[in-house]
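Inside the fold
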Amino acid sequence: MALSKSDVEHIAHLARLEVSDDEVADYVDKLSSIIDLVARLGELDTSNVLPMAHPLDMNQRLRPDAVTEINRRDLYQRNAQAVGSGFYRVPRVIE
Amino acid sequence: MQRPTIIEIAAALRDGSVTSRELTEAALARIDAGDGILNAFITVTGESALAAADAADAAIAAGKGGPLTGVPIAHKDIFCTRDILTTCGSKMLGNFRSPYDATVVGNLAAAGVVVIGKTNMDEFAMGSSNETSFFGPVANPWDTSRSPGGSSGGSAAAVAAGFVAAATGTDTGGSIRQPAALTGITGFKPTYGRVSRYGMIAFASSLDQAGVLTLTAEDAALLMQAMAGFDPRDSTSADRPVPEYAATLDASLQGKRIGIPAEFFDDGLEAGSEACVREAITVFEALGATTEAVSLPHIDASVPTYYIVAPAECSSNLSRFDGVRFGHRHEGSRDLEEMYKLTRKEGFGAEVKRRIMTGTYVLSAGYYDAYYLQAQKVRQLIADDFRRCFESVDIIAGPTTPTPAFRLGEKVDDPVQMYLNDIYTIGVNLAGLPGISVPCGFSDDLPVGLQLIGPAFGEQAVLNFAHRYQQQTNWHRMAPAFAAE
């Protein structure tokens with residue numbers, strides 16, 4: 001199945017990826033060939049199969065709702081590009 | 001001694017014929033001399049490695065420590081390390097300093113290993129050739145015009161070249177077994193959940209599993225003993241006891257049953273590789289094992305299934321890279337959305353972007369049932385096929401890859417051709433099973449890998465078969481000329 005230029009632009013927006021005009025054709029081409037590969041699965045009859053939830057049929061473990069981590073904000077913020085007063089700084093969101 | 005194993009290194013450290021400092025200095029010298037060609041390392045940690053080596057030597061002199069104390073190893077750069085940069089092969093994490101160590105890193109540090117650096121890898125482990133790394137491709141020590149495979153290509157090349165006796169790796173669709181096969185070494189992927197994923201940067205969370213690249217199955221067992229085990233910090237960690245892996249390595253194979261899936265010997269398998277794998281199976285027969293034909297009728301669907309499930313999980317896992325809390329950020333954006341989009345455009349390479357977009361597409365409104373839900377159903381069929389085989393056999397044997405190492409640049413522009421290279425390994429991840437690749441010969445002077453697959457938590461059987469094979473053969477002792485230079 002061939003994707004269109006506008007499909008690619010829509011997916012890129014959903015994925016929050018900027019795709020420039022000169023890159024779109026390559027994405028159309030390569031993503032279409034990937035979708036062709038995976039679309040073959042549609043030919044298999046799975047009407048009586050339950051989708052896999054976990055490779056080993058294990059249940060998700062629960063733990064008591066107790067505090068186990070101390071606040072290490074300064075350590076974590078060491079990796080941020082812009083912080084101030086203990087907050088992460090980003091471009092203006094609200095006009 | 002050229003390319004000593006961990007077992008040999010540990011013995012030499014115990015009898016005092018070598019110190020950890022000497023081993024570490026020698027490893028650093030080999031990397032210094034040879035890694036300009038291979039590019040196996042993203043970060044080399046000279047000073048901290050020497051300090052750790054001195055501490056290990058003091059422990060050994062005091063009669064303390066275990067079999068891994070003082071042994072130099074490398075970590076794939078996907079494992080978070082508090083004191084070393086963790087890049088995951090990406091520009092996005094080019095300056096990332098993890099606030100904590102991955103459980104694998106912590107467990108091996110507690111066992112006394114000396115970490116000599118972080119190895120190169122496909123960006124975010126997305127690739128089968130190590131060509132998607134932001135830090136450049138890795139060369140195969142057997143032929144430097146060829147790929148060592150991926151995504152743990154740096155770890156594989158570093159072990160094959162004799163820089164280190166072992167390196168950690170991760171395997172989401174074959175990323176330990178395939179590079180091990182293409183570089184003529186041993187690569188072990190445990191059962192999903194056996195080794196903690198905490199601090200291992202997530203690609204596809206239902207498939208990712210940590211393991212090791214070593215020279216022998218015996219060394220893999222030794223490392224596994226230190227790495228494996230329940231970790232409350234990983235919600236999918238298996239809460240069951242870790243057996244003594246070394247205890248069953250020598251078990252007899254008399255009467256054991258090996259399943260040979262016809263689907264693994266298809267038209268796509270190169271003739272020289274097939275001859276090596278079939279010859280390897282006769283070695284097991286000579287040890288008293290029997291073979292029988294088994295069938296994995298849905299294995300053809302494993303590549304398409306994987307390329308829905310893995311990109312879907314990756315698109316969601318990699319949404320965290322938005323330039324706010326860590327990693328690369330585009331400067332000078334007018335608004336938040338533009339910052340996200342330009343940060344991700346600049347920070348991710350082409351293959352990562354393709355997978356994020358594939359995953360976003362298959363999860364998007366109107367397509368979820370046709371792609372993702374259908375893939376999870378087919379995944380169940382693939383897992384059921386393996387389960388049925390293990391009702392009648394102890395192990396499944398076949399090739400690891402369809403061909404020996406391909407040339408750098410050969411498949412890089414054709415993602416679908418690259419994906420098909422993982423045809424024999426991907427089903428194992430979809431079913432969550434343990435698997436190993438061991439060297440079993442050469443085709444046109446390039447190493448060929450034999451893959452052994454076990455039932456869930458059948459690590460002991462896989463390591464037992466691999467070790468018995470290596471006791472009978474010398475393929476794992478064959479080193480590339482590069483290792484001697």
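In this text the structure is predicted, and so the values were computed from the model without any measurement.

1. Digging into the overall build of chain A
When you go through chain A residue by residue, the secondary structure sums to three helices and two strands. The helix and strand sequence of chain A, counted from the amino end, reads α-α-α-β-β. Taken over the C-alpha trace, chain A has a radius of gyration of 22 Å; the compact-globule value for 95 residues is 12 Å, which it surpasses by more than 25%. Viewed in the frame of its principal axes, chain A has a C-alpha envelope of about 55 × 45 × 25 Å. Going through the 95 residues of chain A one by one, you find that 17% of them count as buried.

2. So, the overall build of chain B
Of the regular secondary structure elements, chain B holds 16 helices and 11 strands. Expected size for 485 residues packed as a compact globule is a radius of gyration near 23 Å; at 21 Å, chain B falls within 12% of this value. In terms of overall dimensions, chain B has a C-alpha envelope of 65 × 55 × 45 Å along the principal axes. A buried classification covers 63% of the 485 residues belonging to chain B. The contacts in chain B between residues at least 6 apart in sequence include a share of 76% that link residues at least 24 apart.

3. Focus: the pairing of strand S11 (residues 446-453) of chain B
Residue and element names in this part refer to chain B. Of all eight residues in S11, eight are buried, a share of seventy percent or more. Two elements, strand S9 (residues 395-399) and S11, share four bridges in a ladder whose sense is antiparallel. Across the sheet, the residue bridging to Ala397 is Leu452, located in S11. Where strand S10 (residues 435-443) lies against S11, seven bridges are found, and the strand directions are antiparallel. Each bridged residue has a counterpart across the sheet, and for Gly435 the counterpart in S11 is Ile453.

4. Focus on the packing of helix H7 (residues 217-227) of chain B against helix H15 (residues 459-472) of chain B
Residues and elements named next belong to chain B. Interaxial distance between H7 and H15 falls to 8 Å at its minimum, and their mutual angle equals 150 degrees. With respect to each other, H7 and H15 are oriented roughly antiparallel. In this structure, H7 uses Ala217, Glu218, Ala220, Ala221 and Met224 to contact H15, whose residues at the interface are Glu459, Leu463, Ala466, His467 and Gln470.

5. With respect to the interface of chain B and chain A
In this assembly, 54 residues from chain B lie in contact with 39 residues from chain A. In terms of residue count, the dominant contributor to the side of chain B that touches chain A is helix H12 (residues 369-389) of chain B (12 residues). In the side of chain B that touches chain A, the residues fall into 28 nonpolar, 14 polar and 12 charged.

6. Topic: the nonpolar core
Ala158, Val159, Val164, Ala166 and Ile395 of chain B are the most contacted members of the largest nonpolar core, which has 161 residues in total. Not counting residues up to four positions away in its chain, the partners in contact with Ala166 of chain B are Ile6, Ile73, Val159, Val212, Leu213, Thr214, Asp219 and Leu223 of chain B.

7. Let's talk about the pairing of strand S2 (residues 72-76) of chain B
Residue and element names in this part refer to chain B. With respect to burial, S2 is a largely interior element, five of its five residues being buried. Pairing of S2 with strand S3 (residues 114-119), which is carried by four bridges, proceeds in the parallel orientation. Among the inter-strand pairings, Ile73 is bridged to a residue of S3, identified as Val115. After leaving S2, the chain enters helix H4 (residues 103-110) and then returns to the sheet as S3, a path that is right-handed.

8. Topic: unusual backbone geometry
Note the cis peptide between Gly150 of chain B and Ser151 of chain B, where omega equals 10 degrees. The residue Ser151 of chain B is located in the loop between S3 and helix H5 (153-160) in this model. Notably, Arg16 of chain A is not glycine yet its phi reads approximately 50 degrees, a positive angle. Look at Ala125 of chain B: it is not a glycine, yet its phi comes out positive at around 65 degrees. Relative to the assigned elements, Ala125 of chain B resides in the loop between S3 and H5.

9. Considerations on the packing of helix H2 (residues 21-39) of chain A against helix H9 (residues 302-317) of chain B
Axes are the key here: two packed helices are described by the angle between their axes and the distance separating the axes. In the contact formed by H2 of chain A and H9 of chain B, the axes pass within 8 Å of each other and the chain directions differ by 120 degrees. If you check the angle between H2 of chain A and H9 of chain B, you find them oblique. When the axes of H2 of chain A and H9 of chain B are compared, the crossing they make is left-handed. Seen from H2 of chain A, the contacting residues are Ile34, Leu37 and Val38 of chain A; seen from H9 of chain B, they are Pro304, Tyr307 and Ile308 of chain B. The residue inventory of the contact of H2 of chain A with H9 of chain B, partitioned by class, reads six nonpolar, no polar and no charged.

10. Considering the environment of Gly70 of chain B
Residues and elements named next belong to chain B. Tracing the backbone through its elements, the reader meets Gly70 in the loop between helix H3 (46-61) and S2. As for Gly70 and Arg329, which are separated by 259 residues in sequence, their C-alpha atoms are 39 Å apart. With sequence-adjacent residues up to four places away left out, Gly70 is seen in contact with Leu13, Ser20, Ala53, Ala56, Asp57, Ile60, Gly112 and Val114.

About the criteria used
- Residue positions are given per chain, counting from 1 as you read along its sequence in written order.
- The naming scheme follows written order: chains are lettered A onward, ligands numbered 1 onward.
- pLDDT decides what is reported in this predicted model: residues at 70 or higher carry local features, side-chain atom pairs at 80 or more are listed and counted, and totals for whole chains, interfaces and linings draw on all residues regardless.
- Secondary structure is summarised from DSSP: a helix means a run of H or I of at least four residues, a strand means a run of E of at least two, and numbering begins at the N terminus for each.
- Note that the radius of gyration is over C-alpha atoms, with the globule rule given as 2.2 Å times the number of residues to the power 0.38.
- Neighbour counting defines burial: a residue surrounded by 20 or more other C-beta atoms within 10 Å of its own C-beta is buried, one with 12 or fewer is exposed, and intermediate counts give partly exposed, using backbone-placed C-beta atoms.
- We call two residues in contact when their backbone-placed C-beta atoms lie within 7 Å.
- Should DSSP find at least two bridges between two strands, the strands are taken to pair.
- In this description, a line fitted to the C-alpha atoms serves as the axis of each element, helices being fitted only across the stretch in contact, and the angle between N-to-C directions of two axes falls anywhere from 0 to 180 degrees.
- Angles are sorted into four bins: roughly parallel if under 35 degrees, roughly antiparallel if over 145, roughly perpendicular if 65 to 115, and oblique for all others.
- Here the nonpolar group is Ala, Val, Leu, Ile, Met, Phe, Trp, Tyr, Cys and Pro; Asp, Glu, Lys and Arg are the charged ones; every other residue, Gly included, is treated as polar.
- By convention the nonpolar core is taken to be a set of buried residues drawn from Ala, Val, Leu, Ile, Met, Phe, Trp, Tyr and Cys and joined through C-beta atoms within 7 Å.
- Consider the strands pointing away from the viewer: the crossover is right-handed when the path from the first strand over the helix to the second runs clockwise.
- For any pair of crossing helices, the crossing counts as left-handed if the nearer helix is rotated counterclockwise from the farther one by less than a right angle, and right-handed if it is rotated clockwise.

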